[in-house]
Amino acid sequence: MSTSADNDGTDPVEMAPRRVVVISAGTNEPSTSTMLADRITQRSLEHLREMNCTATARSRELAPLAVAIAQATVSGLSPADLQSAIEQLASADAIIACTPVYKAGISGLFKSFVDLLDNDLLIAKPVLLAATAGSSRHALVIDEQMRPLFGYMRALTLPTSVFAAPEDWGSTELGDRIDRAATELAVAVHAGIEHGIAERAWSGYQHQFAGNATRAEQTATDVDFESPLMRLATGRRAKPGALD
Amino acid sequence: MQFGIFSVSDVTRDAVSGSTPSEAERIQAIVEIARRADEVGLDVFAIGEHHNPPFSSSSPTTLLAHIAALTQQIILSTSVTLITTNDPVKIAEDYAMLQHLAGGRVDLMLGRGNTVPVYPWFGKDIRKGLELALENYNLLHRLWREDVVDWEGDSRTALQGFTAIPRPLDDVPPFVWHGAIRTPEIAEQAAYYGNGYFANNILAPNFHFKPLVNLYRERFAHYGHGAPEQAIVGLGGQAFIARRSQDAVGRFRPYFEGSPIYGKSYRLEDIMHGTPMSVGSPQEVIDKTLTFQDGFGDYQRQLWVVDAMGLPLEMALEQVELLGTEVVPALRKEMEARRAPGVPDAPTHPSLVRAKYGDGPARQPRPNANRGDNLTGASPYQDTDPDLAAEYPLVA
């Protein structure tokens, strides 16, 4: 296993400041979801700092993007502010995703936003899942809805998620869970897991040409012209064989 | 540079009059629009292929053969021919026949189609859509260039000793454009064969297709067909024109807002500014189209949709008139003036015949006497090079 001691400090993972992007689908002012996301963000940055890992955090509230998200859903056209949020996620080293629970499920706004992301935008990115609800009876929404969603996106959902019902705000255990989740986030970012997986396995996932992912193929120099489909495109059989 | 119109053949309710044309009316209207396009000097008329209401065109070659008989100079094309769910053997035969009947005024654009149930209706698997498109074209390409084809692949039954008839007019296949809006493999295939690449340039942000067009250009050069800027690029677009800008917007708005595609979910102004759709005076449409040349580089074919969204026939014809008399003449001049030296025109039948035969006579294949099959004896045509005999299947 690689540690900071045996890589001579030249590991690119340790060079650039890490970017934590927070998406919160809360709508009230102040929103409980955003309060929770802020607490998690703060602790995550503290843990990263303890690991000598420079990091910045940017928060994207989804509420101001609600109309843009709706337009993009029906038209496929992303207004500029929505596009910039997508690009921020693409270049994030970790994501803190926080949604309120409505009618026993994640916020439709939150799901609609994720629906607009390219399938390869979040590959192997550490994602810390968080949710707020009016009742502790909704506690499994994170595991039943958010985990499968980010699993589909091939994101790296962190082991601990943070759920906050009203009573949790009077409990020190919420702070403990936040601390544990933030630790997981910091370790995953510091270890450069996303970078490592993408470096070795990127071509194994489905991709969108000229998409929003930072590693998306943008020009001919990025494209693997020996893939089975590219072989087929050029009059050959998809798999190399005797007929070539 | 070629300019023309393309239609998806939608039969849409006229949001102003409230009435929906019958299929019969719409089919005749499309014929009228194509004839008018020919009369006003547009270069291309293209029609789509669909297999579900509310569209009227399922059999492009039948429609285009009829239009060919009624027109003089316009090139007839498709937007698009489904290369996934059609048998490439039938495409080879149908379009070669059309090419003969139209005196060479035919090319075609290939696409995958985006209506999910069409695949199962035609016995195909949409998850294999890209493989089907690529492999079917590989076969189509050979069927038009080799008198006798032996072939095996995954998309259809194998062929032994097959000859697609009639052979293309003058033994020069129709020029092929590959339409794609997201798939680099299609751009690669177009580049590999030196065919055209067409981006429909509608329902997407301005210059959204630039990375794909650039990929095609680079690979066109990679395969030795010319410099990147000499690749054969076509672009779509949608236009609504009136002499005065405010009249264009005012008259178009109810159709836009009543359209099932745009409906209530788009704002006309957003689409006018954020996408290649041109709504305005002839000068505004000219200016917007010139931005395509700035953004995508010199290109060879510009097609506009002018008859969608339930526009009544008279209005669609007026659009064709304004394109033919005001917009296109100005664009021809301006784009020609801006065009870099050495950028070719899109291939046409006469130019392809010249390229193949120079001033010599074109090949006119004459079959040998009927043998009942292509599997015995020499090739089916009197002039076929005897060195190019078919490989015969093994008979036990």
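Residues numbered from 1 in each chain as written. Chains lettered and ligands numbered in written order. Predicted model: local features only at pLDDT ≥ 70, side-chain atom pairs only at ≥ 80, totals over all residues. Heavy atoms only, no water.

Peer 1: Describe the packing of helix α1 (residues 32–50) of chain A against helix α6 (residues 172–191) of chain A, naming the residues involved and giving the relevant values.
Peer 2: Residue and element names in this part refer to chain A. The interhelical angle for the contact between α1 and α6, taken along N-to-C directions, is 50°, at an axis separation of 8 Å. In terms of orientation, α1 and α6 fall into the oblique class. Regarding α1 and α6, the two cross each other, and that crossing is right-handed. Where α1 approaches α6, its residues Leu36, Arg39, Ile40, Arg43, Ser44, His47 and Leu48 are matched on the opposing element by Leu174, Gly175, Ile178, Asp179, Ala182, Thr183, Leu185, Ala186 and Val189. (Axes fitted to C-alpha atoms, helices over the stretch in contact; angles between N-to-C directions. Helix = DSSP H or I, 4+ residues; strand = E, 2+ residues; numbered from the N terminus. Parallel < 35°, antiparallel > 145°, perpendicular 65-115°, else oblique. Left-handed = near helix turned anticlockwise from the far one by under 90°. Contact = heavy atoms within 4.5 Å.)

Peer 1: So what's going on with the confidence of the model for chain B? Which residues, and what values?
Peer 2: Considering every residue of chain B, the mean pLDDT works out to 94; 94% of them sit at 70 or more. Reported confidences for the modelled complex are a pTM of 0.90 and an ipTM of 0.90. (pLDDT = per-residue confidence, 0-100.)

Peer 1: Outline the packing of aromatic side chains, listing residues and values.
Peer 2: Summed over all chains, the structure comprises 12 aromatic pairs over all chains. With a centroid separation of 5.4 Å and an interplanar angle of 90°, the aromatic rings of Phe175 of chain B and Trp177 of chain B are classed as edge-to-face. Members of the aromatic cluster, connected to one another through ring pairs, are Tyr137, Tyr192, Tyr193 and Tyr223 of chain B. Just above the ring of Phe225 of chain A sits the side chain of Arg219 of chain B; from NZ or CZ to the centre is 3.3 Å. Positioned above the aromatic ring of Tyr381 of chain B, the side-chain terminus of Arg363 of chain B is 5.6 Å from the ring centre. (Phe/Tyr/Trp six-rings, centres within 6.5 Å; stacked < 30°, edge-to-face > 60°. Lys NZ or Arg CZ within 6 Å of the ring centre and 35° of its normal.)

Peer 1: Describe the packing of helix α2 (residues 60–70) of chain B against helix α3 (residues 88–101) of chain B, naming the residues involved and giving the relevant values.
Peer 2: Residues and elements named next belong to chain B. Close contact between α2 and α3 brings their axes to 9 Å; oriented N to C, the two are set at 5°. Classified by the angle between their axes, α2 and α3 sit roughly parallel to one another. Each of Pro60, Thr61, Leu64 and Ala65 in α2 lies in contact with α3, whose residues at this interface are Asp94, Tyr95, Leu98 and Leu101. Class assignment for the residues of the contact of α2 with α3 results in six nonpolar, one polar and one charged. (Nonpolar A, V, L, I, M, F, W, Y, C, P; charged D, E, K, R; others polar.)

Peer 1: Give me the lowdown on the interface of chain B and chain A, citing residues and values where you can.
Peer 2: Tallying the contact residues gives 29 residues for chain B and 18 residues for chain A. Between chain B and chain A, a total of about 2000 Å² is buried, with carbon and sulfur atoms accounting for 68% of that surface. For the pair chain B and chain A, the number of links is zero salt bridges. For the interface between chain B and chain A, the tally reads three residue pairs in polar contact (both at pLDDT 80 or more). Examining the composition of the side of chain B that touches chain A, we find that six residues originate from one element, helix α6 (residues 184–193) of chain B, more than from any other. Its residues placed into classes, the side of chain B that touches chain A shows 14 nonpolar, five polar and 10 charged. (Buried area = accessible area lost by both parts, 1.4 Å probe. Salt bridge = Lys/Arg side-chain N within 4 Å of Asp/Glu carboxyl O. Polar contact = N/O pair within 3.5 Å; in protein donor to acceptor, adjacent residues only side chain to side chain.)

Peer 1: Can you tell me about the sheet that holds strand β13 (residues 301–304) of chain B, naming the residues and giving the values?
Peer 2: Residue and element names in this part refer to chain B. Reading across from one edge, β3-β2-β1-β13-β10-β9-β8-β5-β4 is the order of the nine strands in this open sheet, with parallel pairing throughout. The open sheet terminates on both sides in strands that have one partner only, identified here as β3 (75–78) and β4 (81–82). Summarising the sheet, strand β1 (residues 2–7) and β13 pair through four bridges and their orientation is parallel. Looking across to β13, one finds that Phe3 is bridged to Gln302. (Pairing = 2+ DSSP bridges.)

Peer 1: For the pattern of salt bridges, give the residues involved together with the corresponding values.
Peer 2: This model, assessed by the stated rule, comprises 37 salt bridges over all chains. With a shortest N-O distance of 3.5 Å, Arg177 of chain A and Asp168 of chain A are connected by a salt bridge. Residue class for Arg177 of chain A comes out partly exposed when judged on its relative accessible area of 22%. Connected through shared salt-bridge partners, Asp147, Arg167, Asp171, Lys356, Arg363 and Asp383 of chain B make up one network. (Buried < 20%, exposed > 50% of the residue type's maximum accessible area, 1.4 Å probe, protein only.)

Peer 1: Residue-level account of the nonpolar core, with values.
Peer 2: Core analysis: the largest hydrophobic core is formed by 120 residues, its most contacted members being Phe45 and Tyr216 of chain B. At 10 residues, the largest contribution of residues to this core is made by helix α11 (residues 313–338) of chain B. Each residue touching Tyr216 of chain B, except ones within four places of it in the same chain, is listed here: Ala187, Ala190, Ala191, Asn195, Gly196, Tyr197, Ala231, Ile232 and Val233 of chain B. Of all hydrophobic cores here, the second largest spans 44 residues; its members include Ala25, Leu62, Leu129 and Val141 of chain A. (Core = buried A, V, L, I, M, F, W, Y, C linked by side-chain atoms within 4.5 Å.)

Peer 1: Explain the pairing of strand β8 (residues 175–179) of chain B residue by residue, including any values.
Peer 2: All names here are of chain B. Of all five residues in β8, five are buried, a share of seventy percent or more. With burial as the criterion, each face of β8 is covered, one bearing Phe175, Trp177 and Gly179 and the other bearing Val176 and His178. Note: strand β5 (residues 107–111) against β8, four bridges, orientation parallel. Residue pairing across strands places Leu110 opposite His178, the latter belonging to β8.

Peer 1: Break down α11 of chain B for me, citing the residues and quoting the values.
Peer 2: Residue and element names in this part refer to chain B. In a regular helix each residue adds 1.5 Å, so 26 residues correspond to 38 Å; α11 covers 35 Å between its end C-alpha atoms and thus fits that length. Its axis deflected by about 45° at Leu323, α11 carries its strongest bend there. Among the residues of α11, those classed as buried are Met315, Ala316, Leu317, Gln319, Val320, Leu322, Leu323, Gly324, Val327, Val328, Leu331 and Met335. If you follow the buried residues of α11, they end up packed against β1, α1 (23–39), β11 (239–241), α8 (245–258), α10 (282–296) and β13. (Expected span 1.5 Å × (residues − 1). Bend = angle between axes of the 7 residues up to and from the residue.)

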